[in-house]
Amino acid sequence: MINSFSEFITGWNFSGVQSIVYLFFLFLFFMGLIKFLLAKKLSFYSLKNIILSLLGYLLLAISLCGPLDYYSTEIFWVHMLQHIFIAMISIPILMLSNPLPILLWAFPKYVRYGIGISLNKTGYVRKLVVLLSNPKIALPMFIIILWGWHIPQAYNSSLFNEYIHFAMHFTMILSSIFFWWPILGPPPVRTSLSHPQKLLYLLIILTPNAALAAIITLSSSVIYTGYIDTPNHFGINAFDDQRIGGLLMWLPGNMIYLICITIIFFQWFFSEEKKMK
């Protein structure tokens, strides 16, 4: 039973499948970063990207190895906060930083060359990314995975099986990458969406996200029964825990999309203003 924030932040676990996969990619990043710096490739642009990458990896650590994961099987609102950190904060930051070039430096030269070929215009990896980042595929895929994992049977299964728990977050990360690609469009595939299309794209996601959050928040009973017998951390029972989690998905969750919409709107406004001069 935890009753304070200081107790909450001490919950870390680096032994599970999820943590091991995360630590593997973190190791690749630091190996690539060391080789990148030794090759004297550092510039102001790359320094900014490195700082953003480190921030993204830190937030993922908190989400996948830290208290947000450690208590996710006992506190519903923590699990919802974890999903927000993964899909709406960490992944967009990492995509803005574009850590792929640094990750590639972790591999030997001939491996980098092979990966580079797969990412050129005729490469199979590039073709797959172009396909999955197409808004007509990326948006429905993101919504289906979001709703699918919140079906009570699927969600409850993830609470008691480490591999299902890992599959939940792995598919969320992948769908988030392709969902944000049409907005952020890091190399090697740039987005083809105009500013108005980006606005429409993000406006569409508001409704399914809000609808799912409303169902969870306004439910008259505990939907995710896996939390009924868990400790009432912070003195919060399972029903109130569910309401808090739904509200987190509803308000902060949609607020992130609205902030992105606002930024894109002003980008559009200033670009149009610049054309008129």
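Shown above is the structure to which this text applies.
The paragraphs below set out a description of the structure included in this document.

Ranked by size, the top nonpolar core spans 52 residues in total, and within it Y22, F179, W180, Y201, L202 and Y257 carry the most contacts. Elements with a minimum of two residues in this core: α2 (17–38), α3 (44–64), α5 (76–97), α6 (100–104), α9 (135–148), α11 (162–184), α12 (195–218) and α13 (238–276). Ignoring sequence-local partners within four residues, the contact set of Y22 consists of Y57, L58, L60, A61, L64 and C65. Residues L146, A213, Y227 and M249 belong to the second largest nonpolar core, which totals 15 residues.

What follows concerns the environment of N13. Its location among the elements puts N13 in the loop between α1 (5–8) and α2. Looking at N13, the relative accessible area reads 30%, which means it is partly exposed. Spatially, the C-alpha atom of N13 lies 21 Å from that of I89, the residues being 76 residues apart in sequence. In contact with N13, other than residues within four places in its own chain, are S19, C65 and Y70. A polar contact is formed between the side chain of N13 and the side chain of S15, at a distance of 2.6 Å.

The next subject is the packing of aromatic side chains. The geometry of an aromatic ring pair is captured by the separation of the ring centres together with the interplanar angle, meaning the angle of the planes. The tally for this structure, following the rule as stated, stands at 28 aromatic pairs. When the centroid spacing of 5.7 Å and the interplanar angle of 80° are considered together, the rings of F76 and Y227 count as edge-to-face. Highlighted residues: F76 in helix α5 and Y227 in the loop between α12 and α13, separated in sequence by 151 residues. The pair formed by F76 and Y227 is uniform in burial state, with each residue classed as buried. Seen from their ring centres, F142 and F179 are 4.3 Å apart, and the 20° between their planes marks the pair as stacked. With F142 in helix α9 and F179 in helix α11, the pair connects residues that are 37 residues apart, well separated along the chain.

Assignment of secondary structure puts H169 in helix α11. According to the relative accessible area criterion, H169 is buried, its value standing at 1%. In this structure the side chain of H169 is engaged in a polar contact, spanning 3.4 Å, whose partner is the side chain of H79. Residues in contact with H169, not counting those within four places in the same chain, are Q18, L64, D69, H79, Q82, H83 and I86.

Another point: the environment of P140. For P140, the location among the structural elements is in helix α9. The spatial distance from the C-alpha of P140 to the C-alpha of M1 is 39 Å, given a sequence separation of 139 residues.

All right, on to the environment of G235 then. By the secondary structure assignment, G235 is in the loop between α12 and α13. Taking the relative accessible area as the measure of exposure, G235 reaches 63% and is therefore exposed. Sequence separation of G235 and M1 is 234 residues, and the distance between their C-alpha atoms is 8.8 Å.

Turning to the packing of α5 against α11, a few remarks are in order. Relative to each other, α5 and α11 sit at 40°, their axes nearing to 9 Å. With respect to α11, the axis of α5 lies oblique. With respect to the hand of their crossing, α5 and α11 are arranged in right-handed fashion. Two secondary-structure elements touch here, α5 through H79, Q82, H83, I86, A87, M88, I91, P92, M95 and L96 and α11 through H165, M168, H169, M172, I173, S176, I177, W180, W181 and L184. Tallied by class, residues from the contact of α5 with α11 come to 14 nonpolar, six polar and no charged.

Basis of the calculations
- Sequence positions are assigned chain by chain, starting from 1 and proceeding in written order.
- Per-residue local features of the predicted model are confined to residues with pLDDT of at least 70, and side-chain atom pairs are confined, for both listing and counting, to 80 or more; whole-chain, interface and lining totals are unaffected and use all residues.
- The side-chain figures draw on all heavy atoms in the structure; neither hydrogens nor water molecules are used.
- Here, nonpolar core means buried Ala, Val, Leu, Ile, Met, Phe, Trp, Tyr and Cys residues that are tied together by side-chain atoms lying within 4.5 Å of each other.
- Note on exposure labels: buried denotes an accessible area under 20% of the residue type's maximum, exposed denotes more than 50%, and partly exposed covers the range between, all computed with a 1.4 Å probe on protein chains only.
- Only DSSP runs of H or I covering at least 4 residues are called helices, and only runs of E covering at least 2 are called strands; the numbering of each starts at the N terminus.
- In this description, contact between two residues means that some pair of their heavy atoms is separated by no more than 4.5 Å.
- In the analysis that follows, any N or O atom pair within 3.5 Å is treated as a polar contact, provided that within protein one partner can donate a hydrogen and the other can accept it, and provided that, for residues neighboring in sequence, both atoms belong to side chains.
- Between rings of Phe, Tyr and Trp, where Trp is taken as its six-membered ring, a pair exists when centres lie within 6.5 Å; planes separated by under 30 degrees are stacked, by over 60 edge-to-face, and by other angles tilted.
- A fitted line through C-alpha atoms represents every axis, and for helices the fit uses only the stretch in contact; the resulting angles, taken between N-to-C directions, go from 0 to 180 degrees.
- Roughly parallel refers to an angle under 35 degrees, roughly antiparallel to one over 145, roughly perpendicular to one between 65 and 115, and oblique to any angle outside these ranges.
- The handedness criterion is simple: a crossing whose near helix is rotated anticlockwise from the far helix by less than a right angle is left-handed, and one whose near helix is rotated clockwise is right-handed.
- Residue polarity is assigned by list, with Asp, Glu, Lys and Arg as charged and Ala, Val, Leu, Ile, Met, Phe, Trp, Tyr, Cys and Pro as nonpolar; anything else, Gly included, falls into the polar class.

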